[in-house]
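Structural overview for review
What follows is each chain in one-letter form.
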Amino acid sequence: MPANNKLAGKFIVIEGLEGAGKTTAIGYIKKWLALQNMPIDKITYTREPGGTELAERMRDIVKMEIQGETLQDKAELLIMYATRVQLVEHVIKPALSDGHIVIGDRHNWSSLAYQGGGRGINPQLIEEIKQVSLGDFNADFTLYLDIDPELGLHRARGRGELDRIERLAIDFFERTRQVFLTLVSQHNNAVKIDAGETPELVEKSIFSQLDNWLASL
Ligand code: T5A
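Attention in this report is confined to the structure presented alongside it. (Residues numbered from 1 in each chain as written. Predicted model: local features only at pLDDT ≥ 70, side-chain atom pairs only at ≥ 80, totals over all residues. Heavy atoms only, no water.)

**Topic: the sheet that holds strand β5 (residues 190-194)**
Strand order across the open sheet formed by five strands is β2-β3-β1-β4-β5, with parallel pairing between neighbours. Two strands in the sheet have a free side with no partner beyond their single neighbour: β2 (43-47) and β5. Neighbour-to-neighbour, the strand axes of this sheet turn through a mean angle of 20 degrees, independent of strand direction. Relative to strand β4 (residues 141-146), strand β1 (residues 11-16) runs parallel, the two being bridged by five bridges. Following the sheet pairing, I12 is matched in β4 by F141. Of the strands in this sheet, β1, β4 and β5 touch helix α9 (residues 199-216), which is tilted by about 160 degrees from β4. (Pairing = 2+ DSSP bridges. Helix = DSSP H or I, 4+ residues; strand = E, 2+ residues; numbered from the N terminus. Axes fitted to C-alpha atoms, helices over the stretch in contact; angles between N-to-C directions. Contact = heavy atoms within 4.5 Å.)

**Focus on the nonpolar core**
One finds L33, I103, L143, I206 and L210 to be the most contacted residues of the largest nonpolar core, which totals 61 residues. Other than its neighbours up to four places away in sequence, L210 contacts I12, I29, W32, F141 and L143. (Core = buried A, V, L, I, M, F, W, Y, C linked by side-chain atoms within 4.5 Å. Buried < 20%, exposed > 50% of the residue type's maximum accessible area, 1.4 Å probe, protein only.)

**Quick word on helix α8 (residues 170-186)**
Across its 17 residues, α8 extends 25 Å between first and last C-alpha, which sits within 8% of the 24 Å expected from 1.5 Å per residue. All of the buried residues along α8 are F172, F173, T176, R177, F180, L183 and V184. All buried residues of α8 fall inside an arc of 130 degrees around its axis, so they share one side. Along α8, the residues that are exposed and aim more than 90 degrees away from the buried face are S185 and Q186. Packing partners of the buried residues in α8 comprise β1, α5 (108-118), β4, α7 (149-158) and β5. (Expected span 1.5 Å × (residues − 1). Arc of directions from axis to C-beta.)

**Points about the site of the ligand**
In the vicinity of the ligand there are 28 residues, among which E18, T23, T24, R106 and R159 approach most closely. With respect to the ligand, the side chain of R59 contributes an N or O atom lying 3.0 Å from an oxygen atom. Protein burial of the ligand: of its 1,000 Å² of free accessible surface, 83% is covered by the chains. Broken down by secondary-structure element, the contributors of at least two residues to the shell around the ligand are α2 (22-35), α3 (53-63), α4 (73-97), α5 and α9. Across the shell around the ligand, the residue classes break down as nine nonpolar, eight polar and eleven charged. (Near = heavy atom within 4 Å. Polar contact = N/O pair within 3.5 Å; in protein donor to acceptor, adjacent residues only side chain to side chain. Areas by Shrake-Rupley, 256 points an atom, 1.4 Å probe, with all protein chains shown as cover. Nonpolar A, V, L, I, M, F, W, Y, C, P; charged D, E, K, R; others polar.)

**Some points on α9**
Between its first and last C-alpha, α9 extends 26 Å over 18 residues, near the 26 Å set by a 1.5 Å rise per residue. Looking at α9, one finds that the buried residues are V202, E203, I206, F207, L210, W213 and L214. Projected onto a plane normal to the axis of α9, the buried residues spread over an arc of 135 degrees and lie on a single side. In α9, the exposed residues that point more than 90 degrees away from the buried face are E200, K204, A215 and S216. Tucked inside the fold, the buried residues of α9 contact α1 (3-7), β1, α2, β4 and β5.

Such coordinate-based values are descriptive only and should not be taken to indicate function.
Laid out in structure tokens, this is it:
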């Protein structure tokens, strides 16, 4: 079967800390998809939180700081799932049904890692919210870009001012990273990429992991 037929209807997710290079990696995946003769109009890109008009407005709420009122951890978690439901139902599922490949900049693992690991919310509670809101909907393949949080935040600072979450203490990101590492070790359909390497080496690793995954389909 031609590669582009195998890729139709698949959902690839890129996960990682801030500055890991997720946005940059999307450019590499775009190049790889062109090599597989995937038509441009059959590729859908998403980002979380966000990706629909309502979800983008909720993203603004999550990113902003309001004087005198703290966004509660559980409220933050629920907003993440509210945006995800909007995106999955309005964009991702219709695109997959239409034979697109969907490339997601973050998905469910970000909630387990940031709200579970970083904020310390019980992972069982997160799993229950995930089941209620999304059921068994999951990524087909996850590329986790692993980076030392200090380096990631240093890179993120280079592209502008840090937002509400990015200004948290480094141990928040250490805990977040640990959950990502545990998740990648528990899933056969996920791989870890060393995102601390040069862009050329990261691109090479992503190409080789995508080649392996494609061969397994
Ligand atoms: N969040 C999100 C939750 O808490 N729970 C959730 O459920 C979800 C979905 C989203 C925030 O929300 C949180 C996590 C986040 O705090 P965002 O803006 O979508 O925020 O995501 P960020 O991770 O903050 O996006 P960044 O732009 O910071 O990171 P990227 O996309 O990983 O990095 P990228 O590609 O923009 O690269 C950053 C810089 O590094 C350079 C790039 O040129 C760029 O300047 N770079 C490299 N430099 C050297 N070597 C390399 N290999 C490089 N790769 C990239």
